[in-house]
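The residues making up each chain are set out below.
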Amino acid sequence: MATIYIDNRPYEVKDGQNLLQTCLTLGFDIPYFCWHPAIHSVGSCRACAVKQFRDEKDTRGKIVMSCMTPASDGTRISIDDPEARHFRATVIEWLMTNHPHDCPVCDEGGECHLQDMTVMTGHTVRRFRFKKRTHRNQDLGPFINHEMNRCIQCYRCVRFYRDYAGGRDLDVLGCHNHVYFGRHEDGVLESEFSGNLVEICPTGVFTDRTLKRHYTRKWDLQTAPSVCVHCSLGCNTISGERYGSLRRMLNRYNHEVNGYFLCDRGRFGYEFVNSSRRMRHILARESRSGRPLAPVGIDEALHRVASLLHFGADVVGIGSPRASLEANFLLRLLVGPERFYAGTPDAEAELVSAIITILREGPARTPSLREARESDAVLILGEDPTTTAPLLSLAVRQAIRREPIDKAKPLGIPEWFDSALRTATENKSGPLFIASPASTKLDDKATLAWRGAPDDIARLGFAIAHELLEDAPAVPHLTEEMRSAARAIATSLRGAKQPLVLSGTGCGSIRVIRAAANIARALSAGGVKAGLCYTVPECNSLGLGHLSGRGLDSLFREIGNKPDRAPETVIVLENNLYRRTTSGAVDELLDKARHVVVIDHTMQATAARADILLPSATFAESSGTLISNEGRCQRFFQVFPPAGEIRQSWQWLLDMLHAAGQTDSMRWEHPDDINRAIAEMVPGLQRVIEAAPGASFRIAGRKIPRQPHRYSGRTSMHADKDIREQRPPDDPDSAMAFSMEGYEGQPPSALIPRYWSPGWNSVQAVSRYQKEVGGQLHGGDPGVRLIEPKDQAKTVFLGDPPEAFEPREDELLVTGLYHIFGSEELSILSPAIAQRMPGPYIGMNREDASRLGISDKEEIELSICGTTIRLAASLRDDLPPGVAGVPSGIKPVIGLVLPAWGKIQKPGKTK
C-alpha cells in the first residue's frame, strides 16, 4: 500500500496504479476521455490534469496528467487547485470547438460521457464563433452508425479496435485538425468486437445502428440484469425494453467474466425477441388428419395436456441446452429421470458429460475469462474460439501479451502506461499454439498454427502430454513434423508460469477433449499451475449436462428397435430437433408419437409438428439460471413481463406437474422454490440458490426498480386504453419491480439493472460500482462457481491416442466450421446478424478438389448422414487433405451430426 495526499488529506491506496485510477477509486471526480480501465493510459486528451507538488513546502506545484502519473508513496496532488480546474475547463473548451450542437438529436444523448465531463468542468458557454470542421460519415455495416463530426480525437476507438481486439480495418487517418477515425473506404467493420465501439466512444461517433431502428432515449428504457444466451461463456448483459419490445443490449460489467466488453453476436443478436416468428398464442390441432393448428384457450390447453399425463402414461421429455436450468429440471421431474433426454445427439451429450467429469476431477482448474487473460502461454487444441466463444479469443489476445510485458518489467514501465509498454515490447506476442482443422482469426498471432483432422489433433495433444510427462500414453508412429511440434509446444508450456490449455466440442471428438485434459494433468504433475478451459455448444449446455439426460440417438434407437413401443406423448422444451439430427429420425419420432407438446418462443420446424403448442417467454421476458462453460451459475431476470398467453417455460411445466398430481411441486410458487429443489435433488448443484438474492430480498423494505428515476410516459403510453396511469405489473418471482419506485442506491451486483451515479450518466458510471476501478464490484461479482477440481494424489491420464488419420480415396471426412454469424440458432433471426451470415458451401483442400475434378465455386452434391445436399465448392489452402468443412447450423447442412464421412460428386453423376 502507498500513502498519497490529495488536497492535503492522506489516503492509503493500492500501489502500482496511476493517479487517475486511484482518484476515481476514492470517489473523486476527474474528467477524462482517452483513458479506459481496460486499454489504460496514452495521455492524448489532456483532460485529467491535476497539480502535483514536490512536498508539503512546495506551494507552486506543476500541472500533470493524472493518467500518466504513478500513485507512488508520498505523492501530493491537488484536484481543486484553481489553475488545475482552469486547465481542465480549457481542455474541454477546445475539444468542443468543432463538436456540433446536436445533443437533442444525438443517439448518445442522456448517457454521453462528453456531456458529463463538460458539466463536471463547468464549461457552459461557447466562445467559438467560426466555421466548424466537418467530415463525411461512412457506412460501417449493419451494426454501427458513424457520425464523425462528433469526434474529440481521444483515440479510444483505434486503441481498442486495433491494439486490444486485433482488428485491422479501422484506423486513424489524416492529421492536425482533420484527424479521421474510420476505414479506408465504406464497408462493414470486420472485427467480431466492433460493437464495443458504441461503449468505448465517449461521444456519439459510433452508435448502435440496431437501436436506431427503434430508438428510445436511455432514460426511457426499462432495464434488467441478464446473461447472454448466444454462447457458453455467460457474459453479463443489460437488456433494455420499451413499449413491449427489446430495444438494445448493453454490457454489464463482471470482473471475472466479460469485464467491459461483449462480442457482436451477443450485443446485436437480441432482435430474435421481436421476431415476426414469435409464437404469442396457444395453438392446438383437433387431430392429426391434416388439420392445421388453431388458437385455443389456456384452460382448454391445460386440460388437454393434463389428460396426457394420467397415471402410467408413457411420456418422454426432451430438454434443451438453451432453456433455463429450472425449466429443464421441471421437465425431468415431470417425466422421470429415465424418460428425460438431453435434446442433443448422443455424441454431444457424451462430450459435455466428459467435460464435467474432467473439470470436477482436476487437478487443473477452469479459469474465468479474467484468469484466462492473465495466462502467459496458450495452447488451443481443436477449437476456434473466435467463432464458438468470441470473448475467450479476446482474452487470448490479452494473454499472449503477458510474456513480453513480464520481460519489459526491468525497464520500470508500469503496466498502465500502455503506449510506452507497446513501444518497449515492440508489440511482440507470447507463446500461442493452435491445432485446428481450419484457419482461425488468431492465426496471425500464433507462434505455431498446425492443421490436421480431429484424430491427428488428438494425437498431437497426446504427444505433447507425453513430452511433458513420460507416464502419459505414448503416441506410436509419429511423423517428424508432429514430434517436432509436440516438443516445441511442451517446452514452451513447461516454461510458463500460468499456461492455459483451451479446447472444446468444436471438433466433435472425445479424443481431443481427453488429450487436452492429459496435457493439463501432465503440466500440473510437473508443478506448473495450468488452466484447462473447454467451450461447450450453448448457453446452458453445462447446466443440462448436470441433469444427466441421455442423448437423442438413444431415443431413436429405442423406437427403431421396438416400433410398437414409441412414446405415447413427447414434450419438447425450447428445442428444434431438426437442428440436432437428420430429419428422417425426427420425422419417425414425431410420426409415431400419438401426441407432441412443444414449449417454445419461436416458430420452427419442430413446433410446426406439434399437436399442442405452448408459447414460452424468451430470456428477456423470463427469469432463470444458466451455467457457463466455467461452471459459473448465474441468474438472468426478465426485463418486461410476457404479454397475452405467453408464459415462462417453468410456469408451463409447473402447471403440468400440478396436473400430473406431483404433490411436492404444489408447494412451489417461485423460481427460488425450484432452485431449492434442484440443490437438494441434483448432485453438484447444491449452491444454485446462491447465484442471486431471492424473491424476498429487500433493501430498506424496497425492491430494485427496473425503470430509472427519469423514466417518462407511463401515463401517455397507455392513453389509448385509459387516461389514468396503469398499475405496474407485479413481479412476485424476483426482488425487482416493474417500476421507477424502489431502492435508489446500489443493489447487490447480481441485481444491478443499470449504471448511474450523480454526475455520471454514461456507461463510465460503472466505476462507482467497483471496489477499485477495473476491479471487482462491491459485494463481489455476480454468480457462483459450482465446479472446483479435487486435489489428486495421483495423476490419471485418460484414454489412448487414436490411429493416424488416413484419407479415403472416394470419401472426405466432413467437419463443421462454426461461424460467429449464422451458426447460432437464435441470433440468426436478428436482421443485423442475418446480413453477416455466409452462404452454404463446402470447403475443400485444393489437392482433393483436383483429384475429384472440382473447380472453385462449382456446385457439387454431398452425400452424408443418409442425405444428399447441393453446395458450392470453396477451395481452400487451410484444410488438410482428406478433410472438408461445411458451415455448422446453416441450411442445408442443419441436422448433420459431424464429423462424418461423405461422398462428393458432380450433380447428375451416377453414384
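The rules behind each value
- Residues numbered from 1 in each chain as written.
- Predicted model: local features only at pLDDT ≥ 70, side-chain atom pairs only at ≥ 80, totals over all residues.
- Heavy atoms only, no water.
- Helix = DSSP H or I, 4+ residues; strand = E, 2+ residues; numbered from the N terminus.
- Rg over C-alpha atoms; globule rule 2.2 N^0.38 Å.
- Buried < 20%, exposed > 50% of the residue type's maximum accessible area, 1.4 Å probe, protein only.
- Contact = heavy atoms within 4.5 Å.
- Areas by Shrake-Rupley, 256 points an atom, 1.4 Å probe, with all protein chains shown as cover.
- Lys, Arg positive; Asp, Glu negative; His and termini not counted.
- Charge placed at Lys NZ, Arg CZ, Asp CG, Glu CD.
- Pairing = 2+ DSSP bridges.
- Axes fitted to C-alpha atoms, helices over the stretch in contact; angles between N-to-C directions.
- Core = buried A, V, L, I, M, F, W, Y, C linked by side-chain atoms within 4.5 Å.
- Phe/Tyr/Trp six-rings, centres within 6.5 Å; stacked < 30°, edge-to-face > 60°.
- Lys NZ or Arg CZ within 6 Å of the ring centre and 35° of its normal.
- Polar contact = N/O pair within 3.5 Å; in protein donor to acceptor, adjacent residues only side chain to side chain.

Caption draft 1: Layout of the overall build of the chain. The helix and strand inventory of the chain stands at 26 helices and 35 strands. The globule rule puts the C-alpha radius of gyration for 911 residues at 29 Å, and the 29 Å found for the chain is close to it. Expressed as lengths along the three principal axes of its C-alpha atoms, the size of the chain is roughly 95 × 80 × 55 Å. In the chain, which comprises 911 residues, the proportion classed as buried is 62%. Partitioning the intrachain contacts of the chain with sequence separation of at least 6 by distance along the chain shows that 74% fall at a separation of at least 24. Element-wise, carbon and sulfur atoms account for 50% of the exposed surface of the chain, whose accessible area totals about 35,100 Å². Of the side chains in the chain, 110 bear a positive and 111 a negative charge, and the two mean positions are spaced by 4 Å.

Caption draft 2: Here's a closer look at the sheet that holds strand E26 (residues 632-636). The strand order E25-E26-E29 describes an open sheet built from three strands, whose pairing is antiparallel. What marks the edges here is a single partner per strand, and that holds for strand E25 (624-627) and strand E29 (784-785). Pairing of E26 with E29 involves two bridges; the strand directions are antiparallel. Bridging from a neighbouring strand, Cys-633 pairs with Val-784 of E29.

Caption draft 3: Region of interest: the sheet that holds strand E18 (residues 432-436). A sheet is described by the order of its strands in space; here five strands give the open sequence E19-E18-E17-E20-E21, paired in parallel fashion. Unpaired on one side and paired on the other, strand E19 (448-451) and strand E21 (531-535) mark the two borders of the sheet. Taken over all neighbouring pairs, the strand axes of this sheet differ in orientation by 10 degrees on average, direction set aside. Together, strand E17 (377-381), strand E20 (499-504) and E21 form the strand contacts of helix H18 (residues 510-525), whose direction differs from that of E20 by roughly 165 degrees.

Caption draft 4: Spatial organisation of the nonpolar core. Core analysis: the biggest nonpolar cluster contains 103 residues, and Phe-33, Phe-160, Phe-206, Phe-261 and Leu-391 have the highest contact counts within it. It is helix H13 (residues 390-399) that contributes the most residues to this core, six residues altogether. For Phe-160, the contacting residues outside a window of four places in its chain are Ile-39, Ala-165, Phe-193, Asn-196, Leu-197, Ile-200 and Phe-261. In this structure, Leu-351, Ile-358, Ala-465 and Ala-517 belong to the second largest nonpolar core, which totals 98 residues.

Caption draft 5: Geometry of the packing of aromatic side chains. Throughout the structure, instances matching the rule amount to 16 aromatic pairs. Ring centres of Phe-143 and Phe-268 lie 4.5 Å apart, and the angle between their planes is 10 degrees; on these two criteria the pair is classed as stacked. Linking Phe-143 in the loop between helix H3 (113-121) and strand E6 (144-146) with Phe-268 in helix H7 (residues 264-268), this pair joins segments that are 125 residues apart in sequence. We note that Phe-143, like Phe-268, is buried. Ring centres of Tyr-155 and Phe-181 lie 5.1 Å apart, and the angle between their planes is 90 degrees; on these two criteria the pair is classed as edge-to-face. Taken as a pair, Tyr-155 in the loop between E6 and helix H4 (156-164) and Phe-181 in strand E8 (residues 180-182) lie far apart in primary sequence, 26 residues in all. An aromatic cluster is defined as three or more aromatic residues linked by ring pairs; in this entry it consists of Phe-160, Tyr-164, Tyr-253, Tyr-260 and Phe-261. Just above the ring of Tyr-5 sits the side chain of Arg-76; from NZ or CZ to the centre is 4.3 Å.

Caption draft 6: Representation of the environment of Asp-346 within the structure. Mapped onto the elements, Asp-346 comes out in helix H10 (residues 346-361). Taking the C-alpha atoms as reference points, Asp-346 and Trp-652, 306 residues apart in sequence, are found 27 Å from one another. If near-sequence neighbours (up to four positions away) are discounted, Asp-346 is found in contact with Gly-551, Leu-552, Asp-553, Ser-554 and Arg-557. Only 2.9 Å separates the side chain of Asp-346 from the side chain of Arg-557, close enough to count as a polar contact.

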